[in-house]
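# Tertiary structure, described
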Amino acid sequence: MAFFEQHAHPVPKTFLGKYIFSFDHKVIAKQFLWSGLFFLGVGGIMALLIRWTLAYPGQSFPILGSILFPHTNGIVPPDTYAMLFTQHGTIMIFYAITPLLIGAFGNLCIPLMIGCRDMAFPLLNMLSYWFFFISGALLLSALFTPLGAAAGGWTSYPTLALTFGSPGVGQTLWYMAIFTIGISSILGAVNYITTIITLRAPGMGYFDMPLTIWGIWMTAILNAIFVPVLGAGCLLVIFDRVFGTSFFLAGAAATSGSGDPILYQHVFWIFGHPEVYILILPAWGIVSDLLSFFSRKPAFAAKATALSMVSISVLSILVYGHHMFTTQMSPLLTQSFMTLTMTISIPSAIFFGNWLGTIWKGSIRFDTPMLYSLGVVFVFGLGGLTGLYLGTTTTDFYLHDTYFVVGHFHYTMAASVLLGGFAGIYYWMPKMFGTMMSEFWGKIHFWLTMLGINGVFMGMLFIGYGGMHRRIYNPFYYEELRRLIPMNEFVTISALLLGGSQFIFLFNFLWSVWNGKKAVANPWKVGTLEWTIPSPAPSYNFKDIPVVKCGPHELGNPNLKDGKDFQYQTEELVTS
Amino acid sequence: MSGIFGIFKFIVSSMGVIATSLMLSVANAKDGTDYKSTNYWDITVPPEDISVNGHLIDWLFNYTTYMNLFFFILVCAGLFGFAFIYHHKKNKKPLYTYGNKPVHIWTVTIIGVAVFIGIDATISAISNNDLRNVFLNWPKEEEKPLKVQVMAQQWVWKFRYAGKDEVFNTQDDVVTVNDLRVPINRKLLFQVTSKDVIHSFFLPNARRKVDAMPGRISRIWMELNKAGKWPIACAEMCGTHHYMMGAKLTTYTPEDFESWLGQAQRVAMEVNDPEDLNLYWGWKWEVR
Ligand SMILES: [Cu+2]
Ligand SMILES: [Cu+2]
C-alpha cells in the first residue's frame, strides 16, 4: 500500500463515535460548521446591541433589551457596552470565522479535493475541535463571573487588561480562552500542512490543487507560525495578572519595576496582521475556484493567483507596524512599515486582474455560490482600497481608531470572509449533507445581505471620516459628533436588515439539512475530485484512491465531445 | 434572471450617486459649509481644519480617494460589465484559455504596476515627505514653541504649562484639567504620557493624534490658525468611561493667550500649595 493510501477505517456504530468523538474529517468539519454558525449568531446579536446603542443612546433595545438588562429598563449600560464590543470582536474572529472558514472548509475540502481518505492525523483533528470547544466554553463562562467578561477591546491591550484596569477574572479567562483556541488552531494547522504535502492523490502536483486548497494551505502555514506568538503573549499577560510579574505593566501602578505595554502591541500585531490573511486566504481560494467553475472556463492565470497568495503571505509578516503608527515608533520603522504595507497592493491587484480575467468571455451562470463570489470581489475591492488610507502614516494620524478603521476591517474581514463562507456553504452543501439549498431563497438572502453589509460598512467609513472615534458608548456626548446621528441611524437600520436577512439563510440551511432536495453526485458539473464521489460523501471518501491526470479548472475545452463542457481531474486532458 | 440585472443596475447607479456626492462634499469642504444640517451626505465632510498643516493630510486623503474611485470603478466596470455581457444565455461558448498568453500576462502586470505607481508609490512618497518635512520636523528652540505637558488618566486630561520660571514640575506651573488653551499662529509642542492605561490624544480638527502611554513620553507638535473652541477626545479604549474622556481646546489670538496665561500664572502662584505632592505629576521637559 502506497503511503498516500490510508485505511478506510470502519464506520463507527455508536452515536458518540459517529457524531461526538469522530475521527472523520467530514464530521469534524460539520462540528466546526455548527459551532461557527452558533457563535456567528451570538456575535451578531451583540453587534445589533452595539449598533442600537450607537444610534439610539438611552433607548431600550426592542424585545431582548428588557430580558437582558432588566435593571436599566432594557438600556445597555456603559460597562456592558464595552464587554459587548470586546466579545463581539473576539467571537466573530476566533469563534465564528475561524471555525467556519478554516475549521469547516479546511477539514471538508482538503481530503476531498486532494483525493485522500482522511487527514494525516485524525486524532489531532478531533483534538483540534475539542480544544476549540473548551476554549468556547471558557470564553462564554466569563460572562457569568461577578465582574463580567473581558471588556478591554478584542485586542485586550495592557495595561488596561492588567488587574488594575480590569480586575475581573473574566479578563484572565479571555486570555486563557485565546491561548486554548491557539492550541486548536496549531493542531489544525500542522495537520492541514502535513496532509496537503503528503496525501495528495498520485499525479496531483501542487499546481493541480484547486485554489481553495492553496488558500487553506497558506492559512495553515501562517497559523502554525504566528498563533504561537499570540499564545506566548497571552501567557505573559496571564503571568502579569495572576503571578504579579510586570512584563507589560508601567505607569503609576508599576511600583516594583516597570515593563512596557507597547511590547504587547508588537507581539499582538505580529500575529494580528497575518491573522487578517489567515481569515481571508481560504475565502480568496474559494472565490478564485468558484468564479472559474461558474464561468465555465479555466481560472485565469491560476498559477499567478497561487503565487500571489504565497507572496501576500510572506509580505503579511513584514507590515504589522501599520497598526502602531500612533505609538510613535522610530521614524525609520514608521517609514519602512508604510512602504512595505504598500507593496501588498501588487499581489492584491493581481488577484483582481485574475478574477476579472476569469469571468471575461465566460459563460457565466448566476447560481447562488457564484453570486456570493462576485459579491466578494465587490466588497473586497472596497476593503482593500480603504486600507490604503490606513497604511499611509499621515492619513492614519487622523483616521486611526476612528470608525473608518472599523468600516475598513469589517469590509475585509467580515464582509469578504462572510460572503466567501456563504459561497462555500451553498456550494458544498450537496457534498456535506447530500441536499441542495433553495436557490430562490439563496438569491434573496444574497441581495439583502449585500444591501445590509454595504449599508453598514460604507456608513461606518463615512462616520469615521466625519471624526467619530471607536469604542465609545455614547458618541453624542461630544457635541461635534451630533451631526452624525442620522448616519448612525442609517448604519443601525442597515445592520438590522443585515441581521434580519440571516434568518432567511438559517431557515434555508436548516430546512435543506433535513428536508432539502436530494443532490446528485455532481450538481454543479465541476471536475474536481470531490464531485467524482456520491453526495453526501461516503465515510471513506474514495473507494479507490483517484489518479489525477489534469488540472482542477478544465472547463469549456472545445475538444470535449457529447455536449460535455468539463472533465474530471481523473481524466486525461482531451487535446483533440 | 433579468430581475438580478435590474438590481445590478441599481447598485451601479447608486455607486454613481455615492461617488458624486463624495466629490461634491470634498468640494464643499473647501468653503466650510455648516455641519448642523441633517443631510446624510454632509457627513462626508470632516471636522473643520484649524491647523496649518492639516491640509496636507486632507489633500492626501482626497488624492487617495480619487485614485481609489478610479480603480474601483474599473473593477466594477469589469465585474458588472462582464456579468452582463457574458451571461450564459448570451455567451454560450466560453473562451478556453488559461490566461497565460503574453497579452494576458502583460495586461495583468500593467494593472498591478498602474495600481502600485498610481496609488501606493505616490501616496507613500508624499506621506514620507510630509513626515520628514513637517510632522516629524520638530520645532526648534529659537522658534519659541509653546510647551505643554499632557497627562492622561482614567478619564481626564491634565495639562501643565511651565509658568514664569519656564521650568516644568515646579510650584508656579499652571495646571488645568480637561481645558487646554493655546495661541494660534505659534508652534505648539506637547509631551504626552499616561498615568494608568493607554489613551490617545486626539484633536480631530487638527487631524492628529498620538498615543498617551504609561512609562513613555510621546511627542506631537502642531500649529493652529483659527481661534475658537474645539473638542479633544481620547481615541484609545481606556475603560468604561472612555467615551466621556473629552476635553475642551480653546484657541486664542496670541494677545488673548498672553493675557489668559498671565492671569493663570497669578492664580497659580496663589492657589498652588508647594507642600502638596499631587501637584508634581509633571516631569522635567525632555530635550531630544
Ligand atoms: Cu495589518
Ligand atoms: Cu482614555
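Scroll up to find the structure this text is about.
Here's a quick rundown of the structure.

Criteria and thresholds
- Residues numbered from 1 in each chain as written.
- Chains lettered and ligands numbered in written order.
- Predicted model: local features only at pLDDT ≥ 70, side-chain atom pairs only at ≥ 80, totals over all residues.
- Heavy atoms only, no water.
- Helix = DSSP H or I, 4+ residues; strand = E, 2+ residues; numbered from the N terminus.
- Buried < 20%, exposed > 50% of the residue type's maximum accessible area, 1.4 Å probe, protein only.
- Contact = heavy atoms within 4.5 Å.
- Areas by Shrake-Rupley, 256 points an atom, 1.4 Å probe, with all protein chains shown as cover.
- Donors = N, O, S within 2.8 Å, 3.2 Å for Na, K, Ca; no water.
- Tetrahedral: all angles 85-135°; square planar, octahedral: opposite > 155°, others 65-115°.
- Pairing = 2+ DSSP bridges.
- Axes fitted to C-alpha atoms, helices over the stretch in contact; angles between N-to-C directions.
- Core = buried A, V, L, I, M, F, W, Y, C linked by side-chain atoms within 4.5 Å.
- Parallel < 35°, antiparallel > 145°, perpendicular 65-115°, else oblique.
- Left-handed = near helix turned anticlockwise from the far one by under 90°.
- Nonpolar A, V, L, I, M, F, W, Y, C, P; charged D, E, K, R; others polar.

## Examining the overall build of chain B
In terms of regular secondary structure, chain B is built from four helices and 10 strands. Helices (α) and strands (β) of chain B occur, in sequence order from the N terminus, as α-α-α-β-β-β-β-β-β-β-β-β-β-α. Sorting the 288 residues of chain B into buried and exposed places 52% on the buried side. By sequence separation, contacts in chain B at least 24 residues apart represent 66% of the contacts at least 6 residues apart. With the model as given, the accessible surface of chain B reaches about 13,400 Å², and the carbon-plus-sulfur share is 62%.

## Quick notes on the coordination of the copper ion (ligand 2)
Taken together, His199(B) (ND1), Cys234(B) (SG), Cys238(B) (SG) and Met245(B) (SD) make up the full set of protein donors to the copper ion (ligand 2), lying 2.0 to 2.5 Å away. Angles of 88 to 125° at the metal separate the four donor atoms of the copper ion (ligand 2), which places the site in the tetrahedral class.

## A few points about the sheet that holds strand E1 (residues 146-153) of chain B
All names here are of chain B. Spatially, E3-E2-E1-E5-E8 is the arrangement adopted by the five strands of the open sheet, whose pairing is mixed. One side of each edge strand has no neighbouring strand; the edge strands of this open sheet are strand E3 (174-177) and strand E8 (218-223). With direction set aside, neighbouring strand axes in the sheet form an average angle of 25°. Of the strands in this sheet, E1, strand E2 (156-161) and E3 are in contact with helix H4 (residues 254-271), which crosses E3 at around 100°.

## Focus on the coordination of the copper ion (ligand 1)
Under perfect tetrahedral coordination by four donors, a metal shows angles of 109.5 degrees; under perfect octahedral coordination by six donors, it shows angles of 90 or 180 degrees. Residues and elements named next belong to chain A. Around the copper ion (ligand 1), the protein contributes the donor atoms His-273 (ND1), His-322 (NE2) and His-323 (NE2), at 1.7 to 2.0 Å from the metal centre. Ordering the donors of the copper ion (ligand 1) by residue number gives the pattern H-x48-H-H. Taken together, the positions of His-273 in helix H8 (residues 261-295) and His-322 in the loop between helix H9 (302-315) and helix H10 (331-343) put the pair 49 residues apart, joining distant regions of the chain. The class of His-273 is buried, set by a relative accessible area of 7%. What makes His-322 buried here is its relative accessible area of 11%.

## What about the nonpolar core?
Most often, soluble globular proteins have nonpolar side chains that are buried together. In this structure, Trp157(B), Phe190(B) and Phe201(B) are the most contacted members of the largest nonpolar core, which totals 274 residues. With 23 residues, helix H4 (residues 78-114) of chain A is the largest single contributor of residues to this core.

## A look at unusual backbone geometry
Cis geometry is found at the peptide bond from Pro158(A) to Thr159(A), where omega equals 5°. Here Thr159(A) lies in the loop between helix H5 (122-141) and helix H6 (169-198). Of note, the bond from Ser535(A) into Pro536(A) is cis; its omega dihedral lies within 30 degrees of zero at -10°. Residue placement: Pro536(A) occurs in the segment after strand E2 (517-518). Positioned with a positive phi, Lys144(B) is a non-glycine residue whose angle comes to about 50°. Mapped onto the elements, Lys144(B) comes out in the loop between helix H3 (102-135) and E1. With a relative accessible area of 60%, Lys144(B) lands in the exposed category.

## With respect to the side chain of Arg470(A)
Note that Arg470(A) resides in the loop between helix H15 (439-465) and helix H16 (485-515). Taking relative accessible area as the criterion, Arg470(A) reaches 12% and is therefore assigned buried. If we skip the residues at most four places from it in the chain, Arg470(A) touches Trp154(A), Asp401(A), Thr402(A), Tyr403(A), Val405(A), Val406(A), Phe409(A) and His242(B).

## So, the packing of H8(A) against helix H12 (residues 368-391) of chain A
All names here are of chain A. Orientation of H8 relative to H12, taken along the N-to-C sense of each, is 125°, at an axis distance of 9 Å. Classed by the angle they form, the pair H8 and H12 counts as oblique. The handedness of the crossing between H8 and H12 comes out as left-handed. Seen from H8, the contacting residues are Ile-280, Trp-284, Val-287, Leu-290, Leu-291, Phe-294 and Ser-295; seen from H12, they are Pro-369, Met-370, Ser-373, Leu-374, Val-376, Val-377 and Phe-380. For the contact of H8 with H12, the class distribution of residues is 12 nonpolar, two polar and no charged.

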